[in-house]
Amino acid sequence: MIQIKSYCIFFFLFFTSIIKAQENEKFILAGTFYDSEQNILVKDRIIRIKGNKIIEVKKDISIPKDAKIIDLTDYTVLPGLIDSHTHVLFDQEPHDDFAKHSISTLVLENQALRTLRGVKRAQSYLDVGITSIKDLGNSGEFLDIALRDAINEGSIEGPRIFAAGQIMSGPGGQIYGVQKKYQEVISDEYRIIKNPEDAINAVREHINQGVDLIKICADNLPNNTKLTVPEMEAIVKTAHKNGLTVTAHAIKNESAWDAIKAGVDGIEHGFFLADSTLNLMAEKNVFLVPTENSLDYMETYYQLQGKNPDQLSWLDRYMTDMERRLMKAIEKGVTIVAGSDNYTNIQVTRGASSQDMFKAYYQSGMKPLNILQSATYLAAKNISKENELGILQPKSFADIIALKGNIENDFLNAIKNVVFVMKDGNIYIDKSI
């Protein structure tokens, strides 16, 4: 009798688990499907999701009668977008001086308040289909790690955060004009590197705090200090040994060259890269995050400063130079990874501000599908997550969005017309109904 009872319990639990598994499954019907690895659009795919993972993607899948079906046949379905250069824990007004505002943030702003403000900014990325971000410093003493962990544990909503912690820099960081006796304040925002041995310790400290990658300043203009090549080499060697990538802020061409020679994985900004440096990047497979802004963004920025953009004689030349730099990098075979670097309040949400990078890339001459790949598969690949993020395939996370409109022929409207957002298998936005 006891044995029969135990069998009954076993079969009850067995079939209950099957039923629950089926209840957890979702099926997305994609009218147009973006294959981010192949960088092509294909028609009519079905995405089967269980929990937070994709189980299969096929043209034909047998769907159980009572399964949850999400009909996106009228839309373009693609992986959640990735912004690879953000500063969620920092913002300033267009008229603010960066150094003065940074010191004010460190000295006068409660760190809990700073983090809570970061929560609201982070949430706004999901509204525009950006389900992952790389947060690259200017985040106090590892506040980005705390924000990431709060999102991961479900305490708050937001994108996946890949956090760099404090930026590693030469003396002064990027905060200029600070008197010597107050320099210690800067250490609350930047990890100031003193020598190659200290560089090794800095990476160890960051690893201990749980960072996902390392961000360095190959130069820190307008301060005239910068990391030495031996210091950068020590950082890269220690980071790589521990499975972390290193990306380098570099404005000057010389600084970018030194960082590449030191072994970094990526260059952020790179506004003045020479042809020889671009060639070296292509040869060593060093990616570029071109933090471009559109002309509309730039005009809004200066209008909020109280200036007339029409009277800024240098602006057109600057935009042309940025466009040429981006096109030249692409021609030379440099991997382009999408990143906004937008931390200035231009009267829209941080997520909406981030979208401007797509307009900037498009207006510079990038093709729509190449822009999508730079914000999905290539962005994920350069944090070694190409099997989990930025792609829709079996075993990848169910980070999925859908756009309304023709992504190839009407890119600027389509990329902003987000009708569906799923992150980690959970639906955040659904305007398709």
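Source: prediction; values computed, not measured. (Residues numbered from 1 in each chain as written. Predicted model: local features only at pLDDT ≥ 70, side-chain atom pairs only at ≥ 80, totals over all residues. Heavy atoms only, no water.)

**Observations regarding the UniProt feature "domain: Amidohydrolase-related" (unreviewed entry) in the protein chain**
The feature "domain: Amidohydrolase-related" (unreviewed entry), as annotated in UniProt, sits at residues 76-427 in this numbering. A helix fraction of 40% and a strand fraction of 15% characterise residues 76-427, whose end C-alpha atoms lie 17 Å from each other. (UniProt positions renumbered as here; feature names shortened; annotations may be inferred. Helix = DSSP H or I, 4+ residues; strand = E, 2+ residues; numbered from the N terminus.)

**Overview of the pairing of strand β15 (residues 418-423)**
Where burial is concerned, most of β15 is hidden: 6 out of the 6 residues are buried. Relative to β15, strand β14 (residues 400-403) is paired through 4 bridges, and the arrangement is antiparallel. The partner of isoleucine 401 across the bridge, within β15, is valine 421. Pairing between β15 and strand β16 (residues 426-430): 4 bridges, direction antiparallel. Residue pairing across strands places lysine 423 opposite asparagine 426, the latter belonging to β16. Hairpin remark: β15 followed by β16, antiparallel, with 2 residues in the connecting loop; positive phi at aspartate 424, about 60 degrees. (Buried < 20%, exposed > 50% of the residue type's maximum accessible area, 1.4 Å probe, protein only. Pairing = 2+ DSSP bridges.)

**Notes on the environment of serine 62**
If you trace the backbone, serine 62 turns up in the loop between β3 (53-58) and β4 (68-79). Sequence-wise, serine 62 and isoleucine 46 are 16 residues apart; in three dimensions their C-alpha atoms are separated by 9.7 Å.

**A few points about the nonpolar core**
If you look at the biggest cluster of nonpolar residues, it comprises 71 residues, and the most contacted ones within it are Leu81, Ile214, Ile216, Ile235, Ile267, Met281 and Leu372. Residues lining this core come from more than one domain, with at least three contributed by each of domain 1 (25-79 + 394-430) and domain 2 (81-383). In this structure, leucine 81 is in contact with Val128, Gly129, Ile130, Thr131, Ser132, Phe358, Leu372, Ala375, Thr376, Ile401 and Ile415, ignoring residues within four places of it in sequence. Judged by nonpolar contacts, the second largest core, of 18 residues, contains Ile28, Ile70, Ile400 and Phe420. (Core = buried A, V, L, I, M, F, W, Y, C linked by side-chain atoms within 4.5 Å. Domains from an automatic or database assignment. Contact = heavy atoms within 4.5 Å.)

**Comments concerning the sheet that holds strand β6 (residues 130-135)**
One open sheet accounts for 3 strands, arranged β5-β6-β7; its pairing is parallel. Looking at which strands have only one partner, the edges of the open sheet turn out to be β5 (81-86) and β7 (160-163). Strand after strand, the sheet turns through a mean of 20 degrees between neighbouring axes, direction not considered. Bridge analysis of β5 against β6 gives 4 bridges, and the strand direction is parallel. By the bridge assignment, aspartate 83 is partnered in β6 with isoleucine 133. (Axes fitted to C-alpha atoms, helices over the stretch in contact; angles between N-to-C directions.)

**Some points on the domain arrangement of the protein chain**
Each assigned domain of the protein chain is listed here: domain 1 (25-79 + 394-430) and domain 2 (81-383). Every contact between the two is made by 24 residues of domain 1 and, on the other side, 26 residues of domain 2. Both faces combined, the contact of domain 1 with domain 2 buries some 2200 Å², and carbon together with sulfur accounts for 65% of it. Contact with domain 2 buries area across many residues of domain 1, yet Phe411, Lys423 and Tyr428 alone supply 28% of it, more than any other trio. Viewed at the interface, domain 2 and domain 1 are joined by 2 salt bridges. Where domain 1 touches domain 2, the interface holds 10 residue pairs in polar contact (both at pLDDT 80 or more). Of all elements in the fold, only β2 (40-50), β4, α15 (411-414), β15 and β16 reach the threshold of two or more residues within the side of domain 1 that touches domain 2. A per-element tally of the side of domain 1 that touches domain 2 places β15 first, with 4 residues. Looking at the side of domain 1 that touches domain 2 residue by residue, the class counts come to 16 nonpolar, 2 polar and 6 charged. (Buried area = accessible area lost by both parts, 1.4 Å probe. Salt bridge = Lys/Arg side-chain N within 4 Å of Asp/Glu carboxyl O. Polar contact = N/O pair within 3.5 Å; in protein donor to acceptor, adjacent residues only side chain to side chain. Nonpolar A, V, L, I, M, F, W, Y, C, P; charged D, E, K, R; others polar.)

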